[in-house]
Amino acid sequence: MFRRTYLALTAAAVVSGTTAFAMDKKDIVDTAVEAGSFTTLVAAVQAAGLVDTLKGDGPFTVFAPTDEAFAALPEGTVEDLLKPENKDKLTAILTYHVVAGKVMSGDLSNDMMAETVQGGKVTIMTEGGVTVDGANVVTADIETSNGVIHVIDGVIMPK
């Protein structure tokens, strides 16, 4: 009797702990903010007015460039894109980094094409490491409450 009760309580604790963990996950925007290495991306998402979208239900897959990836762009590019008059161009670039649905690294295949929210297609390669339009995926499968983030080392541009 004691053993059966103990097992039932243990199972209940595991189930409730798993549920609590799932509920504690942050959305894509809050996860990026908390990471601390996406300040430029977060500023760009704010400037483009995409915060509410990326905090929405999703699911979304975001190929998230690091601050270093943005810093590697030609001097003045980020500052120019953040200007209000360039909001449409900024939005197009940012939405090119987003795929509808939750695409985990295990779902990828070599020479895969994925349609972005912007409307263009990114090419995903898996031989010798995973790349998205030539940018290396440096950290994959960061799960959030509304999708997944794959960290990339470059800013990819719509064709």
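Details of the structure are given in the entry above.
Residues numbered from 1 in each chain as written. Predicted model: local features only at pLDDT ≥ 70, side-chain atom pairs only at ≥ 80, totals over all residues. Heavy atoms only, no water.

**Student:** Hey, could you run me through the overall build of the protein chain in this one?
**Tutor:** Tallying secondary structure elements over the protein chain gives seven helices and seven strands in all. Along the protein chain, helices (α) and strands (β) appear in the sequence α-α-α-α-β-α-α-α-β-β-β-β-β-β when read from the amino end. Across the 159 residues that make up the protein chain, the buried fraction comes to 37%. Residue pairs at least 24 apart in sequence account for 61% of intrachain contacts in the protein chain once pairs closer than 6 positions are excluded. (Helix = DSSP H or I, 4+ residues; strand = E, 2+ residues; numbered from the N terminus. Buried < 20%, exposed > 50% of the residue type's maximum accessible area, 1.4 Å probe, protein only. Contact = heavy atoms within 4.5 Å.)

**Student:** So what exactly am I meant to see when it comes to the nonpolar core here?
**Tutor:** A general feature of soluble globular proteins is that nonpolar side chains tend to end up buried together. Ranked by internal contacts, the top residues of the largest apolar core, which has 26 residues, are Phe38, Leu41, Leu54, Val62 and Leu94. Counting residues per element, the ones that place at least two in this core are helix H2 (28-35), helix H3 (39-48), strand S1 (60-65), helix H5 (67-71), helix H6 (77-81), helix H7 (87-95) and strand S7 (147-152). No other element matches H3, which puts five residues into this core. With 13 residues, the next largest nonpolar core counts Phe63, Leu108, Ile124 and Ile152 among its residues. (Core = buried A, V, L, I, M, F, W, Y, C linked by side-chain atoms within 4.5 Å.)

**Student:** Which parts of the structure should I look at to understand unusual backbone geometry?
**Tutor:** A negative phi angle is the norm for most residues apart from glycine, just as the trans form is the norm for most peptide bonds. The peptide bond linking glycine 58 to proline 59 adopts the cis configuration, its omega dihedral lying at 5°. Tracing the chain through its elements places proline 59 in the loop between helix H4 (51-54) and S1. Although it is not a glycine, aspartate 133 sits at a positive phi angle of roughly 50°. Overall, aspartate 133 belongs to the partly exposed group, its relative accessible area being 24%. A positive phi angle, close to 60°, is found at aspartate 141, a residue other than glycine. Structurally, aspartate 141 is set in strand S6 (residues 135-144). The class for aspartate 141 is partly exposed, based on a relative accessible area of 28%.

**Student:** Looking at this structure, I do not really get the packing of H3 against H7. What am I missing?
**Tutor:** The geometry of a pair of packed helices is captured by two quantities: the angle between their axes and the separation between those axes. Packing of H3 against H7 leaves a shortest axis separation of 9 Å and a crossing angle of 125°. Between H3 and H7, the crossing angle belongs to the class labelled oblique. Where H3 crosses over H7, the two elements pack in a sense that is left-handed. Residue-level inspection shows Leu41, Ala44, Val45, Ala47 and Ala48 of H3 in contact with H7, the latter providing Lys87, Leu90, Thr91 and Leu94. Residue composition of the contact of H3 with H7, grouped by class: seven nonpolar, one polar and one charged. (Axes fitted to C-alpha atoms, helices over the stretch in contact; angles between N-to-C directions. Parallel < 35°, antiparallel > 145°, perpendicular 65-115°, else oblique. Left-handed = near helix turned anticlockwise from the far one by under 90°. Nonpolar A, V, L, I, M, F, W, Y, C, P; charged D, E, K, R; others polar.)

**Student:** I keep staring at the sheet that holds S7 and nothing clicks. Help me out?
**Tutor:** Note on sheets: strands pair through backbone hydrogen bonds, and any given pair is parallel or antiparallel. Spatially, the seven strands line up as an open sheet ordered S2-S1-S7-S6-S5-S4-S3, and their pairing is mixed. Each edge of the sheet is formed by a strand with only one pairing partner; in this case those strands are strand S2 (98-100) and strand S3 (112-115). Where S3 and strand S4 (residues 121-125) come together, four bridges link them in antiparallel fashion. Counterpart to methionine 113 in the pairing with S4 is threonine 123. (Pairing = 2+ DSSP bridges.)

The quantities given are spatial measurements derived from coordinates; they are silent on function.
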